[in-house]
Amino acid sequence: MRVVRSIVAGALIAGAAAVLTSMGAGTASAVAVTPLPGGVQVDLSPADTAWVHQNKFGRTVAGLPHPSAASFGQALDAAAAVSSSVPGGRVTFTVYGPFDQLNGTMLALQ
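Residues numbered from 1 in each chain as written. Predicted model: local features only at pLDDT ≥ 70, side-chain atom pairs only at ≥ 80, totals over all residues. Heavy atoms only, no water.

S.K.: Is there a simple way to explain the packing of helix α2 (residues 46-54) against helix α4 (residues 69-84) in this structure?
M.R.: How two helices pack is summed up by the angle between their axes together with the distance between the axes. Packing of α2 against α4 leaves a shortest axis separation of 8 Å and a crossing angle of 125°. Our classification of the angle between α2 and α4 gives oblique. With respect to the hand of their crossing, α2 and α4 are arranged in left-handed fashion. The residues of α4 that touch α2, namely those facing Thr 49, Ala 50, Val 52 and His 53, are Leu 76, Asp 77, Ala 80, Ala 81, Ser 83 and Ser 84. For the contact of α2 with α4, a count of residues per class yields five nonpolar, four polar and one charged. (Axes fitted to C-alpha atoms, helices over the stretch in contact; angles between N-to-C directions. Helix = DSSP H or I, 4+ residues; strand = E, 2+ residues; numbered from the N terminus. Parallel < 35°, antiparallel > 145°, perpendicular 65-115°, else oblique. Left-handed = near helix turned anticlockwise from the far one by under 90°. Contact = heavy atoms within 4.5 Å. Nonpolar A, V, L, I, M, F, W, Y, C, P; charged D, E, K, R; others polar.)

Have a look at this one:
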């Protein structure tokens with residue numbers, strides 16, 4: 001049963017990443033995903049950051065069945081709220097580690 005939950009959680013997180021990546025598709029501002037050794041870096045544009053804040057996307061992520069989902073979702077919403085309150089504000093985050101032991105950083109940038 002644990003394997004099934006891990007597969008489902010992986011599919012949901014991959015889906016969330018796909019949504020974030022496609023939010024900016026067709027516009028000049030798009031989500032940038034950069035592979036790093038052992039992880040990825042995701043940079044949201046100001047428009048994407050505003051979308052995440054307005055739609056409380058972190059709340060959706062927080063509901064995923066993963067031990068890190070709740071804290072990640074809360075941090076994403078908080079960072080998006082701070083960043084979207086200033087012109088040109090954006091969020092960037094990194095995620096490292098194997099799927100069952102994810103860790104990383106999140107920044108609200110101006």
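S.K.: What exactly am I supposed to notice about the sheet that holds strand β3 (residues 90-96) here?
M.R.: In a beta sheet, neighbouring strands pair by backbone hydrogen bonds and run either parallel or antiparallel. The strand order β1-β2-β3-β4 describes an open sheet built from four strands, whose pairing is antiparallel. Whereas interior strands pair on both sides, the edge strands pair on one side only; in this sheet they are β1 (32-36) and β4 (103-109). The sheet shows a mean angle of 10° between the axes of neighbouring strands, taken without regard to direction. The strands touched by α4 are β3 and β4; relative to β4, the strand with the most contacts, the crossing angle is about 15°. (Pairing = 2+ DSSP bridges.)

S.K.: Can you help me understand the pattern of salt bridges in this one?
M.R.: Note on pairing: side chains with opposite charge can pair once their charged atoms come close. Inspection of the entire model under this criterion finds one salt bridge. Ionic pairing is found between Asp 43 and Arg 90, a salt bridge with its closest N-O pair at 3.8 Å. Linking Asp 43 in strand β2 (residues 39-43) with Arg 90 in strand β3, this pair joins segments that are 47 residues apart in sequence. A relative accessible area of 30% means that Arg 90 is categorised as partly exposed. (Salt bridge = Lys/Arg side-chain N within 4 Å of Asp/Glu carboxyl O. Buried < 20%, exposed > 50% of the residue type's maximum accessible area, 1.4 Å probe, protein only.)

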